[in-house]
Amino acid sequence: MAYERFSPAVQLREVIDHVWLVDSAPLPSLRQEILIPNGRPGLAVALGDPGTRHDPVTRAEWPNAASVFGVMTRPQMIGQVGVASYAGVEFTPWGLAALGLPALVDEVRPMTDWVGPETTAGLVAELRSEPFGQARADRLAGFLAARMTTTAAPPIVAEAVRAIDELRGQVAVADVVRRCGTSYSTLYRVFRSSVGIGPKQYAEIIRYYHFVGGLLGGPADAAATLSALHGYYDQAHAARDFKRYTGVSATSFLAVQNGIAELMHGRSVQDDAGPDA
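Residues numbered from 1 in each chain as written. Predicted model: local features only at pLDDT ≥ 70, side-chain atom pairs only at ≥ 80, totals over all residues. Heavy atoms only, no water.

1. Some details on the side chain of Arg-136
- Locating Arg-136 in the fold gives a position in helix H4 (residues 134-145).
- If near-sequence neighbours (up to four positions away) are discounted, Arg-136 is found in contact with Leu-21, Asp-23, Leu-47, Ser-85, Leu-127, Arg-128, Glu-130 and Pro-131. (Helix = DSSP H or I, 4+ residues; strand = E, 2+ residues; numbered from the N terminus. Contact = heavy atoms within 4.5 Å.)

In structure tokens form, the structure reads like this:
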């Protein structure tokens, strides 16, 4: 599997965290992986065979064809068979608002609902015409740039996100409020309007995200150490959050496919394991 991230142009970095591309050899049978919350909305466009996205809580399922999705507060399962080729974007937490879209939470919307079927089909054709790499990423970023209504977040939202991200979620909301120089009610109202969730829930998601990042690839007995390092009261507290945001226990999670989770934690790979990888 080939996976690569691309930084957007400077003027887009307030809205787009990165553009990503995935290409893989055809998958002969269904492959399922857990997509964990990371506090960011996104967009994904299938250039091969569309997979599926499944919410294990509501049991809703969507085609992973061309869609915009909001900040997740619970896991989703993605399934894929056939040719897996995607181009996508991870936005900053307030990125959907910059496109004139509502701050979605645990929701997937078809791109056709946003830009219409003809424009969506045109984008898919344009992306397919570019080779895997910078040109394809630039084409997707340019499509989004043309539809942005603003590139600036409300200052207190941007500062609150920085404060939480810098400390990997291990920060009290009261400290974030002080850093932003505002009141709790104002921060909560503006943050929720821009991101879709409140700053406390955002911090919980970021803390969990980094907890999973430390757990992936670590020793089997690492959970107790990591729970302390990432601000959990104890291992049981960490285990409850893991089940809440991942849908399974840490042991079960590590026992199944978790390649997508690894990629979300900053790994840019060109997997040369062979055609059956």
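2. Observations concerning the sheet that holds strand S9 (residues 85-91)
- In spatial order, the strands read S1-S2-S9-S4-S7-S10; together these 6 strands make up an open sheet with antiparallel pairing. Two strands in the sheet have a free side with no partner beyond their single neighbour: strand S1 (2-6) and strand S10 (108-110). Sheet twist, expressed as the average angle between the axes of neighbouring strands with direction ignored, equals 20°.
- Of the strand pairs in this sheet, strand S4 (residues 42-46) and strand S7 (residues 66-69) are connected by 4 bridges, and their pairing is antiparallel. The partner of Ala-44 across the bridge, within S7, is Ser-67.
- Here helix H3 (residues 117-129) sits on the sheet and contacts S4, S7 and S9; the angle it forms with S4, its principal contact strand, is near 70°. (Pairing = 2+ DSSP bridges. Axes fitted to C-alpha atoms, helices over the stretch in contact; angles between N-to-C directions.)

3. Focus: the pattern of salt bridges
- A full pass over the atoms with the stated rule returns 12 salt bridges.
- The partner of Arg-162 in a salt bridge is Glu-159, and the shortest N-O contact between them spans 2.8 Å. With Arg-162 and Glu-159 both in helix H5 (residues 155-166) and 3 residues apart, the pair spans about one turn of that helix.
- For Asp-175, the salt bridge identified is with Arg-178, shortest N-O distance 2.1 Å. With a gap of 3 residues between them, Asp-175 and Arg-178 both fall in helix H6 (residues 173-180), about one helical turn apart. (Salt bridge = Lys/Arg side-chain N within 4 Å of Asp/Glu carboxyl O.)

4. Some thoughts on H6
- Every buried residue of H6 is accounted for by Val-173, Val-176, Val-177 and Cys-180. Each buried residue of H6 lies within a common arc of 100° when the element is viewed along its axis, so the set occupies one face.
- Positive backbone phi, approximately 65°, marks Gly-181, located one or two places after H6. (Buried < 20%, exposed > 50% of the residue type's maximum accessible area, 1.4 Å probe, protein only. Arc of directions from axis to C-beta.)

5. As for the nonpolar core
- Core analysis: the largest hydrophobic core is formed by 30 residues, its most contacted members being Ile-16, Leu-43, Val-45, Phe-91, Met-111 and Leu-144.
- Elements supplying a minimum of two residues to this core: strand S2 (16-23), S4, S7, S9, helix H1 (95-98), helix H2 (111-115), H3 and H4.
- With 5 residues, the single largest contributor to this core is H4. (Core = buried A, V, L, I, M, F, W, Y, C linked by side-chain atoms within 4.5 Å.)

6. Some points on the confidence of the model for the protein chain
- Across the protein chain, the average pLDDT comes to 83, with 77% of residues at or above 70.
- Per-element confidence in the protein chain ranges from a low mean pLDDT of 48 for helix H9 (residues 223-229) to a high of 98 for H3.
- Counting interchain partners and residues more than four positions distant, the pLDDT-below-50 stretch residues 267-277 has 18 contacts. (pLDDT = per-residue confidence, 0-100.)

7. A closer look at the packing of aromatic side chains
- Enumeration according to the criterion identifies 2 aromatic pairs in this entry.
- Against the face of Phe-69 rests Arg-53, its NZ or CZ located 4.0 Å from the ring centre.
- Positioned over the ring face of Phe-143 is Arg-147, at 3.9 Å from the centre of the ring. (Phe/Tyr/Trp six-rings, centres within 6.5 Å; stacked < 30°, edge-to-face > 60°. Lys NZ or Arg CZ within 6 Å of the ring centre and 35° of its normal.)

8. Some words on the sheet that holds strand S3 (residues 27-35)
- Spatially, S3-S8-S5-S6 is the arrangement adopted by the 4 strands of the open sheet, whose pairing is antiparallel. Sheet topology places S3 and strand S6 (61-64) at the edges, where each strand pairs with a single neighbour. Neighbour-to-neighbour, the strand axes of this sheet turn through a mean angle of 20°, independent of strand direction.
- As judged from the 3 bridges shared by strand S5 (residues 51-54) and strand S8 (residues 76-82), these two strands associate in the antiparallel manner. Across the sheet, the residue bridging to His-54 is Met-77, located in S8.

9. Digging into the pairing of S4
- Counting buried positions along S4 gives 5 out of 5 residues, so the element sits mostly inside the fold.
- Neither face of S4 is exposed, since Gly-42, Ala-44 and Ala-46 on one face and Leu-43 and Val-45 on the opposite face are all buried.
- Strand direction decides the pairing type here: S4 and S9, joined by 5 bridges, are antiparallel. When the bridges of S9 are listed, Val-45 appears paired with Ala-87.

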